[in-house]
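Spelled out from the first residue to the last, the chains are:
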Amino acid sequence: MTKDGIDYEALGRFLEFQIENGINAIVVMGTTGENATIEYEDQKEVSRFTVEKVAKRVPVIAGTGTNNTDHVLHNTKNACEVGADAILVVTPYYNKATQNGLYQFFTTIADASSVPVILYNVPSRTGCNLLPKTVARLAEHPNIVGVKEATGNVAQMVEIMHLCGDKIDVYSGEDALTVPMMAMGAAGTISVLSNVAPKEEIGRAHV
């Protein structure tokens, strides 16, 4: 950001840095970034810029999650319109939804999205935990293809893989657990560390 708004020049340099260092996909408007304080139309334009800058060199995954279902639907429509390849949707923070509430929430989003949906579970930030049996229910939806697991609970991650089999890809959302998660069958990692050290994180993912 600059005093005038979004620094697209810096964003462009950052995207090139990530691609040059061998990442397999870009997540834009994820929860590690500034999306929570950016207006909806600006979020759409950042996603549009990212899609155009990346130019199909790697998939672009747009974060569209909030704790308001209507807002998520709005963000998801925008992400689909600008050409995102998939969306990443965090559990609705603060509301502490029940497991059935989480199932209904994600199913509503997946029904409305024209691109694949990746679930995002980070209870330390949101106050609710998307449990393995709920993930297994959601994995039956044809448009839900993955889950970013950031509980830090290896047993929970393994249970998800056991219950879901090949119906859903599990991605480590905890950088410290990338190596053990990959060893146990995770499909990859959606990394914070990669923002500053993509080569190092890719190296760990391929140990």
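Residues numbered from 1 in each chain as written. Predicted model: local features only at pLDDT ≥ 70, side-chain atom pairs only at ≥ 80, totals over all residues. Heavy atoms only, no water.

1. Structural notes on helix α2 (residues 40–54)
Each full turn of the α-helix corresponds to 3.6 residues, which orients residues three or four apart in the same direction.
Then, number 1: Helix length check: α2 (15 residues) gives 21 Å between terminal C-alpha atoms against 21 Å at 1.5 Å per residue, within 8%.
Then, number 2: Within α2, the full set of buried residues consists of Gln43, Lys44, Val46, Ser47, Thr50, Val51 and Val54. End-on view of α2: buried residues confined to an arc of 160 degrees, all on one side of the axis.
Then, number 3: At the C-terminal side of α2, Ala55 shows a positive phi close to 55 degrees. (Helix = DSSP H or I, 4+ residues; strand = E, 2+ residues; numbered from the N terminus. Expected span 1.5 Å × (residues − 1). Buried < 20%, exposed > 50% of the residue type's maximum accessible area, 1.4 Å probe, protein only. Arc of directions from axis to C-beta.)

2. Notes on the pattern of salt bridges
Then, number 1: Scanning all chains against the criterion turns up eight salt bridges.
Then, number 2: Residue Lys167 pairs with Glu140 through a salt bridge whose shortest N-O separation is 2.5 Å. Here Lys167 is found in the loop between α7 (154–164) and β6 (169–172), whereas its partner Glu140 is found in the loop between α6 (132–138) and β5 (144–149), with 27 residues between them in sequence.
Then, number 3: Connected via shared salt-bridge partners are Glu16, Lys53 and Arg57. (Salt bridge = Lys/Arg side-chain N within 4 Å of Asp/Glu carboxyl O.)

3. Here we look at the layout of surface pockets
Then, number 1: Taken as a whole, the largest pocket spans an internal volume of roughly 1,200 Å³.
Then, number 2: Forming the walls of the largest pocket are 46 residues, and the residues nearest its centre are Ile26, Val27, Val28, Ser191 and Asn195.
Then, number 3: Of all the secondary-structure elements, those providing two or more residues to the lining of the largest pocket are α1 (8–20), β1 (26–28), α2, β3 (86–90), β7 (188–189) and α9 (198–205).
Then, number 4: With five residues, the single largest contributor to the lining of the largest pocket is α1.
Then, number 5: Broken down by class, the residue content of the lining of the largest pocket amounts to 27 nonpolar, 14 polar and five charged.
Then, number 6: For the second largest pocket, the calculated volume is near 520 Å³.
Then, number 7: Thr31, Thr32, Asn35, Ala36 and Tyr93 are, among the 27 residues lining the second largest pocket, the residues nearest its centre.
Then, number 8: By residue class, the composition of the lining of the second largest pocket is nine nonpolar, 13 polar and five charged. (1 Å grid on protein atoms, 1.4 Å probe; cavity = no way out; pocket = protein on both sides within 12 Å on 5 of 7 lines; lining within 4 Å. Points joined across faces, edges and corners; volume = space filled by probe spheres on them. Nonpolar A, V, L, I, M, F, W, Y, C, P; charged D, E, K, R; others polar.)

4. A closer look at the side chain of Thr64
Then, number 1: With respect to the secondary-structure elements, Thr64 resides in the loop between β2 (60–63) and α3 (69–82).
Then, number 2: Among the polar contacts made by the side chain of Thr64, one reaches the side chain of Thr76 at a distance of 3.1 Å. (Polar contact = N/O pair within 3.5 Å; in protein donor to acceptor, adjacent residues only side chain to side chain.)

5. Overview of the pairing of β6
Then, number 1: Covered by surrounding structure in β6 are Val170 and Ser172 only, the residues Asp169 and Tyr171 on the alternate face being uncovered.
Then, number 2: Bridge analysis of β5 against β6 gives four bridges, and the strand direction is parallel. Following the sheet pairing, Val147 is matched in β6 by Val170.
Then, number 3: Following the backbone out of β5, through α7 and into the adjacent parallel β6, one traces a crossover that is right-handed.
Then, number 4: With two bridges joining them, β6 and β7 adopt parallel strand pairing. By the bridge assignment, Ser172 is partnered in β7 with Thr189. (Pairing = 2+ DSSP bridges. Right-handed = clockwise from strand over helix to strand, strands pointing away.)

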